[in-house]
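Understanding the architecture of this molecule
What follows is each chain in one-letter form.
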Amino acid sequence: MSKIFVDACLGKETPYTPVWMMRQAGRYLPEYMAVRAEAGNFLNLCHDPAKAAEVTIQPLDIVGVDAAILFSDILVIPDEMGMDLEFIKGFGPKFNDPLTSQEDLDRLIGGEEAANKLTYVYDTIKLLRKQLDERGDEIALIGFCGAPWTLATYMIEGQGTKTYNICKKMMYSNPELLHNILREVTEVVKYYMEKQIESGIDVVQIFDSWAAAIEPDRYDEFSWKYMVEIADYLKSKYPDTPIIMFPKGVPAFLDKVYGNFDVYGVDWGTPMELAKEKLGDKYVLQGNMEPCRLYSKEATTESVAILAETMRDGRHIFNLGHGILPDVPVENAKHFVSECQRLSKR
Ligand code: CP3
């Protein structure tokens, strides 16, 4: 039997449009908070395959989504390249020695050597593969990585940022160094995703969460082309594994999208109608309910109905237009999922 989510990614007809949510395994679930407390902290949870697999599966049983996404974080890559990641409570991710020079970059571990250190991720995937196969419900497993640009913003700024001024100063005053960083990260990510596929994921998603920080005319040069390079590499080896690209907040780039991948993730600031007009023939579209609609069941149903109507011809995967927020009632998340499944029935 084929998996409904994989079929939908490949543009095949499915009995209804499958649904999942970015950040579906997380703090809005009391069951997640309990396992995280047992693990001690978020990074310990990422490093513990049994617990990471447990929280990956939770949203399948609790909210009824059609795909599982590996529980991990995009920042495990720079961590294993030697940057020493910390998650500070109430603040977020932090690297104490951000990259400022070619010498800083040269000190990092690169390529396959860095990718080989992420054994806990591959072990989590192997365990999940076994557990999902035993369930027999044909649920797909999504593996993921950050886009080189999004990863580089943390590696250069040392933490999350509102202005991106440190990495943009590098973009305009020392673009060669920025490209060297992006190239190095791209190499590690290629090996990393290849090993995720070998370990048993069904679908790849590349998150470019901070795409909007780049001016539209430079987006290809500093981000998209590196994402396409990763997709090309994976497609040359695993042509049947679907790839989802999610560049958040770059509607001006819709006319310039190119590359060998399957699904384009539409963020909530881009009208689905517009994405369909520009890209619908070439790529399956994923998204894009405004995540804050989840605070109201009525607002959720309204959006799902409009999306189902816009995408009535198929070639669609339901999702939020970015991650679910920690204070969303679980009942409302369940409502979103069941409304997607109900209103798209064929
Ligand atoms: O359910 C899933 O989607 C799978 C797991 C997942 C996490 N992070 C778990 C997580 C995924 C796919 C990510 C990706 C990720 N991580 C992104 C790209 C996706 C996006 O939202 O745009 C980014 C930018 C990060 C970096 C990151 N990780 C930040 C900025 C933070 C702190 C902010 C926050 O929400 O706390 C994290 C921590 C993080 N990653 C948590 C989870 C569940 C919260 C940790 C906790 O307190 O338990």
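Procedures and definitions
- Residues numbered from 1 in each chain as written.
- Predicted model: local features only at pLDDT ≥ 70, side-chain atom pairs only at ≥ 80, totals over all residues.
- Heavy atoms only, no water.
- Buried < 20%, exposed > 50% of the residue type's maximum accessible area, 1.4 Å probe, protein only.
- Helix = DSSP H or I, 4+ residues; strand = E, 2+ residues; numbered from the N terminus.
- Pairing = 2+ DSSP bridges.
- Right-handed = clockwise from strand over helix to strand, strands pointing away.
- Salt bridge = Lys/Arg side-chain N within 4 Å of Asp/Glu carboxyl O.
- Near = heavy atom within 4 Å.
- Polar contact = N/O pair within 3.5 Å; in protein donor to acceptor, adjacent residues only side chain to side chain.
- Areas by Shrake-Rupley, 256 points an atom, 1.4 Å probe, with all protein chains shown as cover.
- Nonpolar A, V, L, I, M, F, W, Y, C, P; charged D, E, K, R; others polar.
- Contact = heavy atoms within 4.5 Å.
- Phe/Tyr/Trp six-rings, centres within 6.5 Å; stacked < 30°, edge-to-face > 60°.
- Arc of directions from axis to C-beta.

Counting buried residues in strand β6 (residues 243-247) gives 5 out of 5 residues, a clear majority hidden from the surface. Of the two faces of β6, both are covered, the one formed by I243, M245 and P247 as well as the one formed by I244 and F246. Across 5 bridges, strand β5 (residues 203-208) lies against β6 in parallel orientation. Looking across to β6, one finds that V204 is bridged to I243. After leaving β5, the chain enters helix α12 (residues 219-237) and then returns to the sheet as β6, a path that is right-handed. Across 2 bridges, the pairing between β6 and strand β7 (residues 263-265) is parallel. Looking at the pairing, I244 lines up with V263 of β7.

Summed over all chains, the structure comprises 21 salt bridges. Close ionic contact of K3 with D202 constitutes a salt bridge, the shortest N to O distance being 3.5 Å. Here the residue K3 occupies a position in the segment before α1 (4-9), and D202 occupies one in the loop between α11 (175-199) and β5, the gap between them amounting to 199 residues. Residue classification places K3 among the buried residues on the basis of a relative accessible area of 17%. With a relative accessible area of 15%, D202 lands in the buried category. As a salt-bridge pair, R342 and E339 come within 2.8 Å of each other at their nearest N and O atoms. In this pair, R342 and E339 both sit in helix α15 (residues 330-343), 3 residues apart, roughly one turn of the helix. Several salt bridges converge on common partners, so that one network encompasses K3, R129, D133 and D202.

Of all residues adjacent to the ligand, which total 23 residues, the nearest are R27, Y32, R36, S209 and H322. The contact in question runs from an oxygen atom of the ligand to an N or O atom on the backbone of A25, over 3.0 Å. Here a nitrogen atom of the ligand and a side-chain polar atom of D73 are 2.7 Å apart. Expressed as a share of its isolated accessible area of 860 Å², the protein-covered part of the ligand is 88%. Split into classes, the residues belonging to the shell around the ligand amount to 15 nonpolar, 4 polar and 4 charged.

Let us now look at the side chain of E80. The residue E80 is located in helix α5 (residues 76-83) in this model. E80 sits in the buried class, given a relative accessible area of 12%. The residues contacting E80, other than those within four sequence positions of it, are I109, A114, K117, L118 and Y120.

Another point: the environment of I214. Structurally, the position occupied by I214 is in the loop between β5 and α12. I214 sits in the buried class, given a relative accessible area of 4%. Taking the C-alpha atoms as reference points, I214 and V330, separated by 116 residues in sequence, lie 35 Å from one another. Other than its neighbours up to four places away in sequence, I214 contacts W149, M171, Y219, F222 and S223.

Two numbers describe a pair of aromatic rings. These are the distance of the centres and the angle of the planes. A full pass over the atoms with the stated rule returns 12 aromatic pairs. Between W224 and F261 the ring centres are 5.7 Å apart and the planes differ by 75 degrees, which places this aromatic pair in the edge-to-face class. Placement of W224 in helix α12 and of F261 in the loop between β6 and β7 is noted, with a sequence separation of 37 residues between them. On the basis of relative accessible area, F261 is assigned to the buried category, the value being 6%. Here F261 and Y283 contribute two aromatic rings whose centre-to-centre distance is 4.0 Å and whose plane-to-plane angle is 5 degrees, an arrangement assigned as stacked. One end of the pair, F261, is in the loop between β6 and β7; the other, Y283, is in the loop between α13 (272-279) and β8 (284-286), with 22 residues separating them in the sequence. Looking at Y283, the relative accessible area reads 2%, which means it is buried.

Glancing now at the side chain of N332. Note on placement: N332 falls in helix α15. Not counting residues within four places of it along the chain, the set of residues in contact with N332 comprises L294, Y295, S296 and K297.

Those residues of α13 that sit buried are M272, A275 and L279. One face of α13 carries all of its buried residues, which in axial projection span an arc of 60 degrees. Turned more than 90 degrees away from the buried face of α13, the exposed residues are E273 and E277. Along its buried surface, α13 packs onto β7, β8, α14 (297-310) and β9 (316-317).

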